[in-house]
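This is what each chain is made of:
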Amino acid sequence: MAPTAKDFRRVMGLFATGVTVVAAYDGGAIRAATVNAFTSVSLEPLLVLVGLHKESRTGQAIRRSEGFSVNILREDGLALANHFAGKPQEGLPVTFLPFAGGPRLEGALASLGLRLEAVYPGGDHLLFLGRVEALYEGEPGGPLVFWRGGYRLLREPSLSPLQEADPFAPPLPPEPIYHEHEP
Ligand SMILES: Cc1cc2nc3c(=O)[nH]c(=O)nc-3n(C[C@H](O)[C@H](O)[C@H](O)COP(=O)(O)OP(=O)(O)OC[C@H]3O[C@@H](n4cnc5c(N)ncnc54)[C@H](O)[C@@H]3O)c2cc1C
C-alpha cells in the first residue's frame, strides 16, 4: 500500500531538527513563522533553503520583499516557537532588530540574513533559496530541538552515561520536554 501522509509525518518526525523563526519585512510591518524545514545548501556561494506552505503569509512577504532572516531558537525558545506557529503567547516580549534581508529576532541563538535567490515549487509548499548576506551569533547556548512531534533539549555532554561506559550500547531515547506538538 502506498505510504500515507500520516506515515510520512511519522517517519520524517524521526529526523531531529532545530527550530527557527523565519521573518521578512512586509511593507512597514514584519511577518514571521516557526519553521523547521531549513537546511544549508551551498558554500560557494553561501546558500540556504527554507520550505513554507504555499499559503504562508511569511512566504508571501518573502516574495514581496525579496529577502528574509532565519533565526535559530535557543533551548528556552518554546514560547517563541509556539507564538510564531500561530499560538499567540500573551505578554511574550518579541523584538525584531534591523538586519540584512529580513529582521533579526532578538534572543535567538543565531541568525542569518538572506537575499531571496530563487523560489521553487514543492507540492503544497514553496522552497525559498536564500543567499547569505549576514550572520549573527548570540551568546553561546543550546538549541531548541524538534523530534517525533515534540520539543526536546540537546543535553551536554552529548553522550549518555550508558554510552560513556559502553560506546556500542543502544542510545537512550531523549526525554521529551514540554509537550507533544503537532505542527
Ligand atoms: C516545530 C514547528 C515547525 C514548523 N515548520 C514549518 C515549516 O517548515 N514550514 C511551514 O510552512 N510551516 C511550519 N510550521 C507551521 C507554521 O509555523 C504555521 O503554519 C505558521 O502559522 C505559519 O503561517 P504564516 O506564515 O501564515 O504566519 P502567520 O500565521 O501569519 O503568523 C504566525 C504567528 O506569528 C505571529 N506573528 C507573525 N508576525 C509577527 C510579528 N511581526 N510580531 C509578533 N507576532 C507575529 C502571528 O500572530 C501568528 O500567531 C511549523 C510549526 C511548528 C510548531
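The rules behind these values
- Residues numbered from 1 in each chain as written.
- Predicted model: local features only at pLDDT ≥ 70, side-chain atom pairs only at ≥ 80, totals over all residues.
- Helix = DSSP H or I, 4+ residues; strand = E, 2+ residues; numbered from the N terminus.
- Buried ≥ 20, exposed ≤ 12 C-beta atoms within 10 Å, placed from the backbone.
- Contact = placed C-beta atoms within 7 Å.
- Arc of directions from axis to C-beta.
- Core = buried A, V, L, I, M, F, W, Y, C linked by C-beta atoms within 7 Å.
- Pairing = 2+ DSSP bridges.
- Axes fitted to C-alpha atoms, helices over the stretch in contact; angles between N-to-C directions.

A. Region of the structure containing the overall build of the protein. If you tally the helices and strands in the protein, you get four helices and 12 strands. For the protein, with 183 residues in total, the buried portion stands at 28%. Relative to all contacts within the protein whose residues are 6 or more apart in sequence, the contacts with residues 24 or more apart total 65%.

B. Fine view of helix H2 (residues 57–65). All buried positions along H2 are accounted for by Thr-58, Gly-59, Ala-61 and Ile-62. The buried residues of H2 occupy an angular sector of 160° when the element is viewed end-on, so they sit on one face. Contacts made by the buried residues of H2 are with strand E2 (20–26), strand E3 (29–35), strand E5 (47–53), strand E6 (67–72), strand E9 (110–122) and strand E10 (125–137). Directly after H2, the chain includes Glu-66, whose backbone phi takes a positive value near 60°.

C. Just the nonpolar core, in detail. Residues Val-21, Val-22, Ala-23, Phe-68, Leu-73 and Ala-81 are the most contacted members of the largest nonpolar core, which totals 32 residues. In contact with Val-21, not counting residues within four places along its chain, are Ala-32, Thr-34, Asn-71, Leu-73, Leu-80, Phe-84 and Leu-105.

D. A look at the sheet that holds strand E12 (residues 150–153). Read from one edge to the other, the open sheet built from three strands follows the order E1-E11-E12, with strand pairing classed as antiparallel. Looking at which strands have only one partner, the edges of the open sheet turn out to be strand E1 (17–18) and E12. Here E1 runs beside strand E11 (residues 144–147); their pairing, made up of two bridges, is antiparallel. Bridging across to E11, Gly-18 finds its partner in Val-145.

E. The arrangement of the pairing of E2 in detail. Extensive coverage of E2 is indicated by the burial of six of its seven residues. Inspection of the sheet shows E2 paired to E3 by seven bridges, in the antiparallel sense. Of the residues in E3, the one forming a bridge with Asp-26 is Ala-29. Hairpin geometry of E2 and E3 is characterised by an intervening segment of two residues between the two adjacent antiparallel strands and by a positive phi of about 65° at Gly-27.

F. Region of the structure containing unusual backbone geometry. The omega torsion across Glu-44 and Pro-45 is 0°, close enough to zero to call that bond cis. For Pro-45, the position within the fold is in the loop between strand E4 (38–42) and E5. Residue Arg-148 is not a glycine yet carries a positive backbone phi of 50°. On the neighbour-count criterion, Arg-148 (15 C-beta atoms within 10 Å) is partly exposed.

G. Broad picture of the sheet that holds E5. Strands sit in the order E3-E2-E6-E9-E10-E5-E4 across an open sheet of seven strands; the sheet is antiparallel. The two strands at the open ends of the sheet, each matched to only one other strand, are E3 and E4. Across the sheet, the mean angle separating the axes of adjacent strands is 35° when strand polarity is ignored. Pairing of E4 with E5, which is carried by four bridges, proceeds in the antiparallel orientation. By the bridge assignment, Ser-42 is partnered in E5 with Leu-47.

H. Region of interest: the environment of Leu-97. Topologically, Leu-97 is positioned in strand E7 (residues 96–97). Taking the number of C-beta atoms within 10 Å as the measure of exposure, Leu-97 has 11 and is therefore exposed.

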